[in-house]
Structure formats: C-alpha cells, structure tokens
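Topology and contacts: notes
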Amino acid sequence: MKNLRSAARRQPRPAAVATAAGAALLALLASGCTGSEPEAAKSYQVPDSLCGTAVEPDLLEPALPPGEKISTRKKTSVGYERCHVLVDDTAVLSVRKSWWDADTTAPEVASSERGGGVELDAQLSDDRRLAWSTKGAVGQIHCPKPSADPDQRDSRLFATFVIFGDGKAKESEMRKLITAYTESVSTSAECNAG
C-alpha cells in the first residue's frame, strides 16, 4: 500500500497540468509571432490597363511583386510594341505585341528570343493559340480587321508576357491573364482598323 500512496502523491494535479500546458502554448505562440517576418505588401494601385490595353486589375495583380510605386515604359518599332512594367523603378514584367508569319504558333513564339524565351513546361491550349507557365505566357490575338498595312493582313499578332527575376505567378493565373489580354487587344482599334 505504501507504494500506491507514494505514486498517487507524485501524480500532478489536473489544474497544475492545465496551467503548465497553457504557459507552454503561450510561450510557443509568442516566439512564433516575434520570429516571423511580415509579408511585403503592394502599396501601389494595380492599373486597369496595360500600356493602353484594358485589363482587369485582379488578373494582372498576381504577376506583380510588392512595392511602393508602379509605372510603365513603352517602346514601339516596326512589327512590334513592347511595354515594361516597373515596380520601384525595376522592370518586373514585359508585355510585347508582335506580328509573325501566318503559320506561326504560340509555342514557336514562346521559344524564340523575340517571344521572350518563355519556358512553357508543356502548358498549351488545345487550339495551340495560348501557351503559359509560371514565368510568362504567349497568346495569338484574333484581329478581325488589322490595319491597312498589307504585311499585317497576311500575318498573326501575338502577345507575350514575361515575368522578370524571381517573380512568378500560378499557371492558372497566367492563363487567365493572357486570355483576357488577347481578347482585349482583339477588340481594340489596332485589330479593327482595316
């Protein structure tokens, strides 16, 4: 009997166990709060157009990093138009519209230097008009009445997105972005001028 009483006296009381567990939980939570870094935020407002082409901010936002300010820089040359999106004066995203031969496909544009060298990881729409990855996307734009330039009438217009540096977006987000962007361009004056 003596051994049973000794064992019973050595068992902690339920209130003491609860207090010790509560203190351990509070210590764990407190150390987790002080040791983690706050997530960087976007202080800028995501635009509703990209160098003159309407695009929903919710679709563009995943392709952009945190930062204080956003701006764009546009360059136009024969056969293409390029727009760089800058966050805090650093280029983070390139958008390019360019004319290609009539038999060109999205994978061909994506893998070329002019297409930005987007690595596609085999994500391709069934009609081969769209290709995308976590680092970019390419989309063929349907132009019902391209400009009066005869070269453009026998060509295909493509849009290319390339995310620079360590940035990336989900593949599903890039597909939505390139789909919306190509549809927006197809209704623009550029594709309905002829």
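Residues numbered from 1 in each chain as written. Predicted model: local features only at pLDDT ≥ 70, side-chain atom pairs only at ≥ 80, totals over all residues. Heavy atoms only, no water.

1. Some remarks on unusual backbone geometry
Our working rule: Counting from the N terminus, the helices are the DSSP runs of H or I reaching at least four residues and the strands are the DSSP runs of E reaching at least two. In this scheme, a residue with accessible area under 20% of its type's maximum is buried, one over 50% is exposed, and one in between is partly exposed, where area comes from a 1.4 Å probe on protein chains only.
Of note, the phi angle at D88 is positive, near 55°, even though the residue is not glycine. For D88, the location among the structural elements is in the loop between β4 (80-87) and β5 (90-101). With a relative accessible area of 32%, D88 lands in the partly exposed category. The residue D89 is not glycine, and still its phi comes out positive at about 65°. In this structure, D89 sits in the loop between β4 and β5.

2. Focus: the nonpolar core
Stated formally: Working definition of a nonpolar core: buried Ala, Val, Leu, Ile, Met, Phe, Trp, Tyr and Cys residues. They are joined through side-chain atoms within 4.5 Å. In this description, contact between two residues means that some pair of their heavy atoms is separated by no more than 4.5 Å.
Membership of the largest hydrophobic core comes to 29 residues, with the highest contact counts inside it found for L50, L60, L64, L93, F161 and M174. Residue assignment for this core shows that the elements contributing at least two residues are β4, β5, β6 (130-132), β7 (136-141), β8 (155-163) and α6 (171-186). If you tally residues by element for this core, the top one is α6, at five residues. Leave out the neighbours within four places in its chain, and L50 touches V55, L60, V85, V95, F161 and Y181. Of all hydrophobic cores here, the second largest spans seven residues; its members include A106, V109, A110 and V138.

3. Quick notes on the sheet that holds β5
Just so we agree on the cut-off: Pairs of strands are assigned from DSSP output, requiring at least two bridges between the strands. As a rule, the C-alpha atoms of each element are fitted with a line to give its axis, helices using only the stretch in contact, and angles between N-to-C directions run from 0 to 180 degrees.
Across the sheet, six strands lie side by side as β3-β4-β5-β8-β7-β6; this open sheet has antiparallel pairing. The open sheet has two edge strands with one neighbour each: β3 (70-77) and β6. Each strand of the sheet is rotated relative to its neighbour by a mean of 15°, with strand direction disregarded. As paired strands, β5 and β8 are joined by nine bridges and run antiparallel to one another. In the sheet register, L93 faces β8, and the bridge partner there is I163. In this fold α6 packs onto β5, β6, β7 and β8, with an angle of close to 30° to the strand it touches most, β7.

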